[in-house]
Amino acid sequence: MRLRNIKGARESIEKSPFVELAPEEYRGRWRERFGNNRPVWLEVGMGKGQFIMELARRHPEVNVIGVEMYSSVLIRAVQKREQEEMENLLFLRIDARTLPECFAQGEVGRIFLNFSDPWPKDRHAKRRLTSRQFLERYVNILEPEGLVEFKTDNRDLYTFSLEEHEAAGWHLLYSTEDLHRDEEAMRDNVMTEYEERFSAKGNPIYKMVIRRP
């Protein structure tokens, strides 16, 4: 993935009160960090923040944390956050592989994966956010009934994800190859920038909801 470098992005993020720079220090204490005892939800690979901002608006009863590893992308979400008061939203600039170092067992209720990088080459399969390697990481931080919600426009990644969840022993709660034709599912659907773009072109959106073993 080629990303345009944005001058000063890293420095602005490091100064932002909305980005927690040492998340490992709050492992097991995220509710304390938010100052309440509400559930914690994550979006992993949050991009420019459209989805997670809307998620936080719709669910003020939940603590929402966005995870993004690229400063040049995260800065866009930080800029949006600066324009709106939201006590239930924080950002982390980390590699998703370090999630178990930042969250304790059972600390997270739900994880959202939206239009993740498909990593199309077979040798990169373990980098896909729905690979069995990542599913194992999610087990290490999700509560016993914790969920992962995954959306993509990439059929191959969707098929791979269905195969991986089964191999890892997760429980499939919902799947569709055309989300936007499912009226009931769309009632609570929060769209990302990519989803708006792809669906406007008539591309089907695939979705999978799974529960941890």
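Residues numbered from 1 in each chain as written. Predicted model: local features only at pLDDT ≥ 70, side-chain atom pairs only at ≥ 80, totals over all residues. Heavy atoms only, no water.

Chemist: Whenever I open this one, helix α3 (residues 50–58) confuses me. Can you help?
Modeler: Side chains three or four residues apart in an α-helix point the same way, a direct result of the helix having 3.6 residues per turn. Buried residues of α3: F51, I52, M53, L55 and A56, and no others. Turning to α3, the residues buried within the fold contact β1 (40–44), β2 (63–67), α4 (71–81), β3 (89–92), β4 (108–114) and β5 (142–152). (Buried < 20%, exposed > 50% of the residue type's maximum accessible area, 1.4 Å probe, protein only. Helix = DSSP H or I, 4+ residues; strand = E, 2+ residues; numbered from the N terminus. Contact = heavy atoms within 4.5 Å.)

Chemist: Teacher, can you tell me more about the pairing of β5 here?
Modeler: Every other side chain in a regular strand lies on the same face of the sheet, so the side chains alternate between the two faces. Counting buried positions over the 11 residues of β5 gives 8, a clear majority of the element. Assessed by its sense of winding, the connection that carries the chain from β4 through helix α6 (residues 132–139) to β5 is right-handed. Relative to strand β7 (residues 206–211), β5 is paired through 6 bridges, and the arrangement is antiparallel. Residue pairing across strands places E149 opposite V209, the latter belonging to β7. (Right-handed = clockwise from strand over helix to strand, strands pointing away. Pairing = 2+ DSSP bridges.)

Chemist: Just to check I follow, could you spell out the nonpolar core for this structure?
Modeler: Nonpolar side chains in soluble globular proteins tend to be buried together. Formed by 34 residues in total, the largest nonpolar core has its most connected members in L42, L99, F103, I111 and Y138. Not counting residues up to four positions away in its chain, the partners in contact with L42 are I65, L99, F103, V108, R110, I111, F112 and I141. Counting residues in hydrophobic clusters, the runner-up holds 23 residues, among them I13, W41, M53 and L89. (Core = buried A, V, L, I, M, F, W, Y, C linked by side-chain atoms within 4.5 Å.)

Chemist: What is the right way to look at the packing of aromatic side chains in this model?
Modeler: Aromatic ring pairs are defined here through the distance separating the ring centres and the angle between the ring planes. Taken as a whole and judged by the stated rule, the model has 8 aromatic pairs. Ring geometry for F134 and Y138: centres 6.2 Å apart, planes at 35 degrees, overall tilted. Here F134 and its partner Y138 are both found in helix α6, 4 residues apart, which amounts to about one turn of the helix. Here F134 matches Y138 in class, with each residue buried. Linked through ring pairs, Y26, W30 and F103 together constitute an aromatic cluster. One cation-aromatic arrangement involves R81 over F18; the distance from NZ or CZ to the ring centre is 4.0 Å. Positioned over the ring face of F134 is R137, at 4.5 Å from the centre of the ring. (Phe/Tyr/Trp six-rings, centres within 6.5 Å; stacked < 30°, edge-to-face > 60°. Lys NZ or Arg CZ within 6 Å of the ring centre and 35° of its normal.)

Chemist: Teacher, can you tell me more about the pattern of salt bridges here?
Modeler: Once the charged atoms of two side chains with opposite charge are near each other, the side chains can pair. Under the definition given, this model contains 15 salt bridges. Note that E195 is salt-bridged to K151, the shortest N-O span being 2.7 Å. One end of the pair, E195, is in helix α9 (residues 193–200); the other, K151, is in strand β5, and 44 residues separate them in sequence. Taken as a pair, E195 and K151 share a single burial class, namely buried. One connected set of salt bridges, linked through shared partners, spans E54, R57, R58 and E84. (Salt bridge = Lys/Arg side-chain N within 4 Å of Asp/Glu carboxyl O.)

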